[in-house]
Amino acid sequence: MAGVGMVNVGKHVDKSLRDLAGQAALKAMEEAGNEVPEALVVGNMLSSLVEQENLASLIGDHIGLRGACGLKVEGACGSGGLALMTGYSLVASGLFNKVLVVGVEKLFERPSADVIRGLAYAADADYELIYGVTFSGLNALLMRYYMSKYGVRYEELAYWSVLMHKNGSRNPYAQLRNEITLDDVMKSPVIADPIRLYDSCPLSDGAAAVFLVGEDVKKLTDTPVTVAGVSNSIDSTDLSSRLELDYLLASSTSARNSLKMAKVDLREVGVAEIHDAYTITAALSIESIGFAERGKAPKAWSEGRFSPGDKPSINLSGGLKSRGHPVGATGVYQVAEVVMQLRGDFPGISVPAEVGLTQNIGGAGSNVTTVVLRR
Amino acid sequence: MTTIQRVWRLKNTLLNLLASRCSVCGHVTYPPKMRCPVCGSRELREESLPREGEVLSYTIIRVPAKGFEDFTPLIIALIKLGDAKVLAEVVDVKPEEVSVGMRVVATVRRTAQTIDGGVPYVIKFKPLRS
């Protein structure tokens, strides 16, 4: 990683998809000594909302990369992580030496009903959406199942949101920088019972970029961070045929494989950014990675586990809940944030660490990428 | 919002709750797949799931998907039917009366209009009253 770039997550009515992506991309290129990438990999899920496809050409041309290789990668909310893995494999294969990975999403262009419908395209259109279920509804099914199976109370899960706003309040890139109380969460409107508004991440615009270099990375930066391991796994899009409803197979598999590739033990991970689209997603991700026993993550975070300074410190950015969730960009934000943590220049809460991990989840756990980063 | 073509194409599977049972390992999966998700076998038999089952989890959707405004609050459940699970709407019950473990039975009901103006009928579940 020779450079990273992010734009503030939020509502960017004045900026187009190409403006957001270009801004993040140029920042990453500047950090990499203004090197010119040979390939551009774009992560995005819902550019159809702004009636635009062919994103690599659009963005690549906007930042002066005519003649370079360009492609888009899609894996629902996990598109950013997949784009990173694709960029990594282009470098690792020897096809290119300098690859720019950009995640971008532009949701604030259409009424929220259209956006909510679009986000649900991550689920199974034939067997789920036909009944009118929303993405929040699917996660609510997982949440109630989890609460019922393990006897976890709503308040214990909701406390995650309080912790995330606390972390995010210090992150200048975060969308929701206000601190909140448990009472605020419990008084927020119900979206899909038991999920309330404050259990959920916001809708977001945003873009993030990372510049990957194969050989000679040390000529471009004094503080290179290495992709030590990366792995992606899929599971069923539909919840009906899942073998387990309280465990994310794709999260567990991709975490195990990326750690194995990196030759890293989970206990060595100092900082992590995980995918907390809902409080239940945080619990399932933390447990499926192996940071907590099954059914025990909410108890662990209620007792101060994963807070700043703990090993691992999780979601110092504020996570999807507070930093925001610019869908196809989120996985790239996570990587950029952990790179900055390992370099020691993250502008929010920062902790010293040698090894970091990111996990980006698409759908309700159906497409998961885990990245292990080392200083 | 769906299309007339989709409802027509899926009518048999949706209305008869057709799952696939693996001839090798016996795993039953709904929706049906082309290879067994457990053992990878392609020897799958179609099999209708039982029409009665039990609610494993449920949600009450207050912020609807586009096109489902008239069906809100919408109760959606994961229902255990024999050896498989099915996601569907639960009707004929007040939201506050749904519970995990509730016994339900399949019924054919109208759902939201398709983009192209069709009025599709699908399987929903209602409480099983003894």
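Please refer to the structure higher up on the page.
Residues numbered from 1 in each chain as written. Chains lettered and ligands numbered in written order. Predicted model: local features only at pLDDT ≥ 70, side-chain atom pairs only at ≥ 80, totals over all residues.

(A) Main features of unusual backbone geometry. Put simply, A:Lys311 and A:Pro312 share a cis peptide bond, and its omega is 0°. The topology assignment puts A:Pro312 in the loop between α11 (297-302) and β10 (313-314). With omega at -5°, the peptide bond leading from B:Tyr30 into B:Pro31 counts as cis. Mapped onto the secondary structure, B:Pro31 falls in the loop between β2 (28-29) and β3 (44-48). Of note in the backbone geometry, A:Asn34 takes a positive phi value of approximately 55° without being a glycine. Structurally, the position occupied by A:Asn34 is in the loop between α1 (17-31) and β2 (39-43). (Helix = DSSP H or I, 4+ residues; strand = E, 2+ residues; numbered from the N terminus.)

(B) Representation of the environment of A:Arg256 in the model. All names here are of chain A. Among the secondary structure elements, Arg-256 is positioned in helix α9 (residues 249-262). For Arg-256, a count of 17 C-beta atoms within 10 Å translates into the label partly exposed. When the C-alpha atoms of Arg-256 and Leu-266 are compared, they prove to be 8.8 Å apart, with ten residues separating the residues in sequence. (Buried ≥ 20, exposed ≤ 12 C-beta atoms within 10 Å, placed from the backbone.)

(C) Expanded view of the environment of A:Met164. Residues and elements named next belong to chain A. Following the sequence through the fold, Met-164 ends up in helix α6 (residues 154-168). When the 28 C-beta atoms within 10 Å are taken as the criterion, Met-164 is described as buried. For Met-164 and Leu-316, which are 152 residues apart along the polypeptide, the C-alpha to C-alpha distance reads 7.9 Å. If we ignore the near neighbours within four places in the chain, the residues touching Met-164 are Asp-276, Asn-315, Gly-318, Gly-319, Lys-321 and Ser-322. (Contact = placed C-beta atoms within 7 Å.)

(D) View of the packing of helix α5 (residues 135-150) of chain A against helix α10 (residues 279-289) of chain A. All names here are of chain A. Running from N to C, α5 and α10 point in directions that differ by 65°, and their axes come no closer than 9 Å. Here α5 runs over α10; the crossing is left-handed. Taking contact as the criterion, the partners of Asn-139, Leu-142, Met-143 and Tyr-146 in α5 are, on α10, Ile-280, Thr-281, Ala-283 and Leu-284. In terms of residue class, the contact of α5 with α10 is made up of six nonpolar, two polar and no charged. (Axes fitted to C-alpha atoms, helices over the stretch in contact; angles between N-to-C directions. Left-handed = near helix turned anticlockwise from the far one by under 90°. Nonpolar A, V, L, I, M, F, W, Y, C, P; charged D, E, K, R; others polar.)

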